[in-house]
Amino acid sequence: MIPKKYTGEMLRGRKARTLKDIANKGGCGISAGSIVTIINVVRGKGLYIKTEKCPQCGQYAYITGVVRAELELIEGD
């Protein structure tokens with residue numbers, strides 16, 4: 001879980017690990033343990049996250065409305 005003491009400016013651009021499977025309404029999913037980048041933090045709407053592009057196929061996932069309890073920050077970023 002990401003504590004509330006971290007503001008949007010502190011989280012933007014940081015790497016995090018997913019604690020559970022997350023999917024968006026378009027059908028893109030991220031499995032638990034995946035490394036993601038926090039793109040934006042919107043008050044009342046949650047976090048916007050994005051995965052890295054796959055080296056073989058070039059696909060990535062962009063998911064909005066992620067709750068802080070579903071992620072943990074990776075230290076040493």
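Residues numbered from 1 in each chain as written. Predicted model: local features only at pLDDT ≥ 70, side-chain atom pairs only at ≥ 80, totals over all residues. Heavy atoms only, no water.

A. Local environment of the pairing of strand β1 (residues 15-18). Of the two faces of β1, the one holding A16 and T18 is buried and the one holding K15 and R17 is not buried anywhere. Summarising the sheet, β1 and strand β7 (residues 71-73) pair through three bridges and their orientation is antiparallel. Within the sheet, the bridge partner assigned to T18 lies in β7 and is L71. (Buried < 20%, exposed > 50% of the residue type's maximum accessible area, 1.4 Å probe, protein only. Helix = DSSP H or I, 4+ residues; strand = E, 2+ residues; numbered from the N terminus. Pairing = 2+ DSSP bridges.)

B. Just the layout of surface pockets, in detail. Its boundaries defined by the atoms lining it, the largest pocket holds a volume of some 180 Å³. Around the largest pocket sit K4, Y6, T7, G8, V41, V42, R43, G44, K45, G46, L47 and R68, which together line it. Elements represented by at least two residues in the lining of the largest pocket include exactly β4 (35-42) and β5 (46-51). A per-class count over the lining of the largest pocket returns four nonpolar, four polar and four charged. (1 Å grid on protein atoms, 1.4 Å probe; cavity = no way out; pocket = protein on both sides within 12 Å on 5 of 7 lines; lining within 4 Å. Points joined across faces, edges and corners; volume = space filled by probe spheres on them. Nonpolar A, V, L, I, M, F, W, Y, C, P; charged D, E, K, R; others polar.)

C. Representation of the state of the cysteines. Applying the stated criterion across every chain, the model contains zero disulfides. The thiol sulfur of C28 is not disulfide-bonded, and the nearest other cysteine sulfur, from C57, lies at 11 Å. Looking at the unpaired C57, the closest cysteine sulfur is the one in C54, lying at 3.5 Å. (Disulfide = S-S within 2.5 Å.)

D. Representation of the pattern of salt bridges within the structure. Evaluation of the coordinates by the stated rule reveals four salt bridges. The shortest N-O distance in the salt bridge between E52 and K15 comes to 2.9 Å. Of this pair, E52 sits in the loop between β5 and β6 (62-66) while K15 sits in strand β1, and the two are 37 residues apart along the sequence. (Salt bridge = Lys/Arg side-chain N within 4 Å of Asp/Glu carboxyl O.)

E. Region of the structure containing the nonpolar core. I2, L11, I38, L47, I49, V66 and L71 are the most contacted members of the largest nonpolar core, which totals 16 residues. At the level of secondary structure, the elements contributing two or more residues to this core comprise β4, β5, β6 and β7. It is β4 that provides the largest number of residues to this core, a total of three residues. If near-sequence neighbours (up to four positions away) are discounted, L11 is found in contact with I2, Y6, I38, V41, L47, R68 and L73. (Core = buried A, V, L, I, M, F, W, Y, C linked by side-chain atoms within 4.5 Å. Contact = heavy atoms within 4.5 Å.)

F. Quick look at the packing of aromatic side chains. Here the structure, examined in full by the defined rule, presents one aromatic pair. Each ring, one from Y48 and one from Y62, has its centre 6.4 Å from the other, and the planes form 80 degrees; the classification is edge-to-face. Remark: Y62 occurs in strand β6 and Y48 occurs in strand β5; sequence separation between them is 14 residues. Classification of Y62 by relative accessible area gives partly exposed; the value is 37%. Lying over the aromatic face of Y60, K50 brings its terminal NZ or CZ to 4.7 Å of the ring centre. (Phe/Tyr/Trp six-rings, centres within 6.5 Å; stacked < 30°, edge-to-face > 60°. Lys NZ or Arg CZ within 6 Å of the ring centre and 35° of its normal.)

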